[in-house]
Amino acid sequence: VTQLAQLLGERLRAEDAQMPTNKVTGKPIEWPDQVVGKSSAVRVACLGDSITFGTGASAPERYSYPAQLAALLGSGYEVRHFGVGGTTLLAEGDKPYRRQPQWQAALDFDPDVVLLLLGANDTCGAPRNNWDRSAAFVPDARSLLQSLRRPGRRVIVALPSPFYPATPGLKPERKEDLEARSPRLELIRGWWWEAARAETAE
């Protein structure tokens, strides 16, 4: 199969053949030898904000949840990290995820499974003022899920983890900020459910 795919790929290129276009991605179908040569591992893309990115200078390599997930899943999976700290789901937020290069990189990776974790930064008030745009959360969430839709792809929405304003040692202003944002986060989690059900995500 590999040899035939190689011969066919070379012939198609020699004839300057035009490959069909994938209706979902809008990109040409890959050459036969590119498809056959792909790894059989399940491709998993982890998209999100700093909760996905992790903490520390080497977060993506060691201390992020995608790195831990890769270790747990093993060699049958190729897990890639597309986290960007401080990003919002909101398209008009102060740092929209879909305007970051990691968004396009994730689409180019063409994952079989997408883990999506966004929403915490959308609860921010002044000076970021993302919460002022919260009415757009559900339509923006649905739009993002539609952008990820592809036959055979599994999209999993991970709800943002709760804030913990009672954590010992927090500065008073940080504690006050988390207390104000906690009820907003519960709304965000509910809105994610609404958007995921409407777009048949998990």
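Figured I'd write up the structure that's included with this text. Bear in mind that the values here come from a model prediction, so they are computed numbers and not experimental data.

The subject of this paragraph is the pattern of salt bridges. By the definition in use, this model includes 15 salt bridges. One salt bridge connects R43 with D110, and the closest N-O pair in it is separated by 3.7 Å. A residue pair is termed long-range when its members are at least 10 positions apart, and R43 in strand β1 (residues 42-48) and D110 in the loop between α6 (101-109) and β3 (113-117) qualify at 67 residues. Here R43 falls in the buried class, since its relative accessible area comes to 13%. Its salt-bridge partner being R174, residue D177 comes within 3.3 Å of it at the nearest N-O pair. With D177 and R174 both in helix α8 (residues 172-198) and 3 residues apart, the pair spans about one turn of that helix. Here D177 falls in the partly exposed class, since its relative accessible area comes to 27%.

Turning our eyes to something else, we now look at the environment of A71. Within the secondary structure layout, A71 lies in helix α5 (residues 65-73). Of the residues examined, A71 reaches a relative accessible area of 62% and is grouped as exposed.

Gaps left between atoms show up when a probe the size of a water molecule is rolled over them. By volume, the largest pocket amounts to about 440 Å³. What lines the largest pocket is a set of 20 residues, among which N22, T25, K27, L107 and D110 lie closest to the centre. Only α6 and α7 (137-148) provide two or more residues apiece to the lining of the largest pocket. No other element matches the 3 residues that α6 contributes to the lining of the largest pocket. When the residues that make up the lining of the largest pocket are grouped by side-chain class, the tally is 6 nonpolar, 4 polar and 10 charged. In this structure, the second largest pocket encloses a volume near 180 Å³.

Centre-to-centre distance and the angle between the planes together describe a pair of aromatic rings. The tally for this structure, following the rule as stated, stands at 5 aromatic pairs. Judged by centre distance (5.9 Å) and plane angle (40°), the rings of F137 and W191 are tilted. Remark: W191 occurs in helix α8 and F137 occurs in helix α7; sequence separation between them is 54 residues.

Below, the discussion takes up the sheet that holds strand β2 (residues 77-83). An order of β2-β1-β3-β4 is seen for the 4 strands of this open sheet, with the pairing classed as parallel. Each of the sheet's edge strands pairs with one partner strand only, and the pair in question is β2 and β4 (154-157). Within this sheet the neighbouring strands show an average axis-to-axis angle of 15°, counted without direction. Pairing geometry for β3 and β4, over 4 bridges, is parallel. Across the sheet, V114 pairs through a bridge with V155, a residue of β4. Strands β1 and β2 of the sheet are contacted by α6, whose axis makes an angle of about 160° with β2.

What counts, and at which threshold
Residues numbered from 1 in each chain as written. Predicted model: local features only at pLDDT ≥ 70, side-chain atom pairs only at ≥ 80, totals over all residues. Heavy atoms only, no water. Salt bridge = Lys/Arg side-chain N within 4 Å of Asp/Glu carboxyl O. Helix = DSSP H or I, 4+ residues; strand = E, 2+ residues; numbered from the N terminus. Buried < 20%, exposed > 50% of the residue type's maximum accessible area, 1.4 Å probe, protein only. 1 Å grid on protein atoms, 1.4 Å probe; cavity = no way out; pocket = protein on both sides within 12 Å on 5 of 7 lines; lining within 4 Å. Points joined across faces, edges and corners; volume = space filled by probe spheres on them. Nonpolar A, V, L, I, M, F, W, Y, C, P; charged D, E, K, R; others polar. Phe/Tyr/Trp six-rings, centres within 6.5 Å; stacked < 30°, edge-to-face > 60°. Pairing = 2+ DSSP bridges. Axes fitted to C-alpha atoms, helices over the stretch in contact; angles between N-to-C directions. Contact = heavy atoms within 4.5 Å.

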